[in-house]
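The chain contents come next:
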Amino acid sequence: MTGTTLIRASAMTGIPETIRELGGDPKSLLNQFNLREDLINDPKQMMPYSSLIQLMEQAAQELDCKDFGLRVGLRQGMGVLGPIAVIAQNSSNTEQALRHIIKYMAYHSPGVHLALEPGKPGKPATLHFDIAVAQAPIRNQTVELSLVLATKVIGVLAGPDFRPIQIRFRHAMQAPAARYRAIFQCPVHFNRPGNALCLSADNLQRPIDQSDSALRQVMEEYVRQTLAQTSASLNANVRSLVITLLPMGQRCTISLIARHLALHERTLQRALKREGVVFEELVDDIRRELTSDYLREPGMAMSQVAGLLGYRQQSSFNRACLRWFGQSPKARRESLTSFDKNLS
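For clarity, every value in this text was computed on a predicted model and none was experimentally measured.

Draft legend 1. Here's a closer look at the overall build of the protein chain. Helices and strands together make up the secondary structure of the protein chain, namely 17 helices and 7 strands. In terms of overall size, the protein chain behaves like a compact globule, its C-alpha atoms giving a radius of gyration of 22 Å where 344 residues would be expected to give roughly 20 Å. Along the first, second and third principal axes, the C-alpha set of the protein chain runs to 75 × 45 × 40 Å. Expressed as a percentage of its 344 residues, the buried residues of the protein chain come to 50%. In the protein chain, once contacts between residues fewer than 6 apart in sequence are set aside, the share between residues at least 24 apart is 69%. Put simply, the protein chain shows about 16500 Å² of open surface, and 50% of that area lies on carbon and sulfur atoms. The distance from the centre of the 40 positive side-chain charges to the centre of the 31 negative ones in the protein chain is 4 Å.

Take a look at the structure:
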């Protein structure tokens with residue numbers, strides 16, 4: 001893919017709650033990076049990985065919380081990984097589960113780099129972790145979140161008695177040493193060549209009880225198909241960003257999208273042209289699609305629909321609706337409601 005790397009919005013799980021716990025305002029912090037709390041529960045929603053990383057660092061700084069990433073990690077679980085978690089929990093043993101997670105991690109984000117180094121006599125197995133996002137060079141809080149999550153995931157797979165042999169971080173210590181020891185319950189080292197979690201061969205070979213190979217195969221096929229459809233498509237990533245940014249009150253221009261993708265505007269235009277996409281037409285198509293979804297919600301006011309679509313004036317939305325459907329928003333809602341009733 002040209003440009004930035006995306007990640008599932010589920011990766012924000014626990015961030016708003018942690019900000020509130022520390023006395024902060026999640027909406028204010030998320031708005032700084034064009035993010036919204038409600039994106040977390042949308043399994044299809046993607047966001048720039050760099051936005052997550054910068055949000056984590058900004059929250060830690062504004063809230064004067066050096067263990068912010070550790071706190072968020074404690075609030076997360078396997079559910080963050082969506083269908084990858086289902087694949088892992090239905091693998092034969094812990095090692096196979098980790099290899100499945102590594103194989104399909106691009107579904108969650110191609111920017112997450114994992115590698116499992118098998119153990120040798122006198123040397124534990126090592127799960128290496130890194131983030132491939134050039135736009136956010138400072139990512140200590142996100143790395144710490146990720147290794148807490150990795151420890152919890154392996155704990156689910158290997159059993160409640162699992163303890164890492166050691167944890168290694170590339171960066172310097174952020175929080176008091178006792179905080180790391182309490183969370184990881186093993187030696188934690190800093191300023192090392194890479195980020196890693198070490199575990200025993202016994203942990204890797206532990207069978208996973210009640211695994212369902214048929215269910216795993218179904219989920220693997222789903223993830224493979226999804227990756228095949230989206231992995232090479234700049235169009236798909238631009239669409240995801242447009243949907244995210246439309247309700248933010250800013251005009252959703254190609255220059256704004258280019259900034260989020262860390263691209264020059266002309267570079268983005270040329271890349272979209274190669275995929276047969278005109279940016280303005282793409283935004284218009286997205287707005288038309290979303291209009292029908294929003295108008296199907298009876299409790300959603302027309303002014304709210306207009307705002308979610310990025311229109312500052314209700315009249316602009318009214319004109320667009322007439323152009324798309326030959327109907328006013330009210331008439332379009334009535335048509336959709338009538339159609340849905342006839343189907344039921």
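Picking up after the structure, the text goes on.
Draft legend 2. A look at the sheet that holds strand 5 (residues 166-168). Overall, mixed pairing links the 5 strands, which are arranged 3-4-7-5-6 in an open sheet. Looking at the sheet topology across the chains shown, the edges are occupied by strand 3 (112-117) and strand 6 (188-189). The pairing of strand 4 (residues 125-131) with strand 7 (residues 195-199) spans 5 bridges and is antiparallel. Looking across to strand 7, one finds that Thr126 is bridged to Cys198. Strand contacts of helix 6 (residues 94-108): strand 3, strand 4 and strand 7, with the helix running at about 150° to strand 3, the strand carrying the most contacts.

Draft legend 3. Examining the state of the cysteines more closely. All told, the structure shown has 0 disulfides when counted by the stated rule. Cysteine Cys186 shares no disulfide, and the gap to the nearest cysteine sulfur, in Cys198, comes to 8.6 Å.

Draft legend 4. Up close: helix 4 (residues 68-75). Looking at helix 4, one finds that the buried residues are Phe68, Gly69, Leu70, Val72 and Gly73. On the buried face of helix 4, the contacting elements are helix 1 (15-21), helix 3 (49-62), helix 7 (140-158) and helix 8 (177-184).

Draft legend 5. Structural view of the pairing of strand 7. The buried fraction of strand 7 amounts to 5 of the 5 residues, a majority that puts the element mostly inside the structure. Here strand 7 shows no split at all, with Asn195, Leu197 and Leu199 on one side and Ala196 and Cys198 on the other all buried. Bridge count between strand 5 and strand 7: 3 bridges; the pairing is antiparallel. Counterpart to Arg168 in the pairing with strand 7 is Ala196.

Draft legend 6. Representation of the environment of Arg99. Within the secondary structure, Arg99 sits in helix 6. Distance from Arg99 to Leu114, taken between C-alpha atoms, is 9.3 Å for residues 15 residues apart in sequence. Apart from residues no more than four positions distant in its own chain, Arg99 is found in contact with Leu116 and Pro118.

Draft legend 7. Structural detail: helix 8. Looking only at helix 8, the buried set comprises Tyr180, Ile183 and Phe184. All buried residues of helix 8 lie within an arc of 80° about the axis, which places them on one face of the element. Residues of helix 8 that are exposed and point more than 90 degrees away from the buried face comprise Arg181 and Ala182. Packing partners of the buried residues in helix 8 comprise helix 4, helix 7, strand 5 and strand 6. Remark: Gln185 follows helix 8 within two positions and exhibits a positive phi of approximately 55°.

Draft legend 8. View of the nonpolar core. Ranked by internal contacts, the top residues of the largest apolar core, which has 72 residues, are Met12, Phe68 and Phe184. It is helix 7 that contributes the most residues to this core, 10 residues altogether. What Phe184 contacts, discounting residues up to four positions off in sequence, is Leu70, Leu147, Val148, Thr151, Pro164, Ile167 and Phe169.

Draft legend 9. Spotlight on the pairing of strand 4. The buried count for strand 4 comes to 5 of 7 residues, which makes it a mostly enclosed element. Where strand 3 lies against strand 4, 6 bridges are found, and the strand directions are antiparallel. Bridge pairing links Val112 to Ile131 in strand 4.

Draft legend 10. Representation of the packing of aromatic side chains in the model. This model, assessed by the stated rule, comprises 7 aromatic pairs. Relative to Phe325, the ring of Trp324 has its centre 6.0 Å away and its plane inclined at 70°; by these criteria the two rings are edge-to-face. Ring pairing ties together the aromatic residues Phe169, Tyr180, Phe184 and Phe190, which thus form one cluster. The ring of Tyr107 is capped by Arg8, whose NZ or CZ atom sits 3.9 Å from the centre of that ring.

Draft legend 11. Structural detail: the side chain of Asp67. Structurally, Asp67 is set in the loop between helix 3 and helix 4. With relative accessibility at 10%, the residue Asp67 sits in the buried group. Contact partners of Asp67, with chain neighbours within four places excluded, come to Gln141, Ala175 and Arg179.

The rules behind each value
The residue count restarts for each chain, going from 1 along the sequence in the order it is written. Where local features are concerned, this predicted model is filtered to residues with pLDDT of at least 70; where side-chain atom pairs are given and counted, the filter is 80 or more; whole-chain, interface and lining totals use all residues. To get the side-chain values, all heavy atoms of the structure are used, and hydrogens and water are removed first. By definition, any uninterrupted DSSP run of H or I lasting at least four residues is a helix, any uninterrupted run of E lasting at least two residues is a strand, and each is numbered from the N terminus. The globule rule used for comparison is 2.2 Å times the number of residues to the exponent 0.38, while the radius of gyration itself is calculated over C-alpha atoms. Per-residue accessibility, obtained with a 1.4 Å probe over protein chains only, is compared with the maximum for each type, and a residue is labelled buried under 20%, exposed over 50%, and partly exposed between these values. The contact definition used throughout considers only heavy atoms, calling two residues in contact when any of these lie within 4.5 Å. Accessible areas in this description were obtained via Shrake-Rupley with a 1.4 Å probe; residue shielding takes into account the shown protein chains only. Under this rule, positive means Lys or Arg and negative means Asp or Glu; His and the chain ends count for nothing. A charge is said to be at NZ when it belongs to Lys, at CZ for Arg, at CG for Asp and at CD for Glu. Two strands are said to pair when DSSP picks up at least two bridges between them. Helix axes are fitted only over the stretch in contact, all axes being lines through C-alpha atoms; the angle between N-to-C directions runs from 0 to 180 degrees. Put simply, a disulfide is two cysteine sulfurs that come within 2.5 Å. Working note: the arc is built from the helix axis to C-beta atom directions. Each nonpolar core is a collection of buried residues, namely Ala, Val, Leu, Ile, Met, Phe, Trp, Tyr and Cys, held together in the definition by side-chain atoms within 4.5 Å. Ring pairs are drawn from Phe, Tyr and Trp, using the six-membered ring of Trp, whenever the two centres fall within 6.5 Å, and their geometry is named by plane angle: stacked under 30 degrees, edge-to-face over 60, tilted for the rest. To sit over a ring, a charge needs its Lys NZ or Arg CZ within 6 Å of the ring centre and within 35 degrees of the ring normal.

Taken by themselves, the reported measurements are silent on function.
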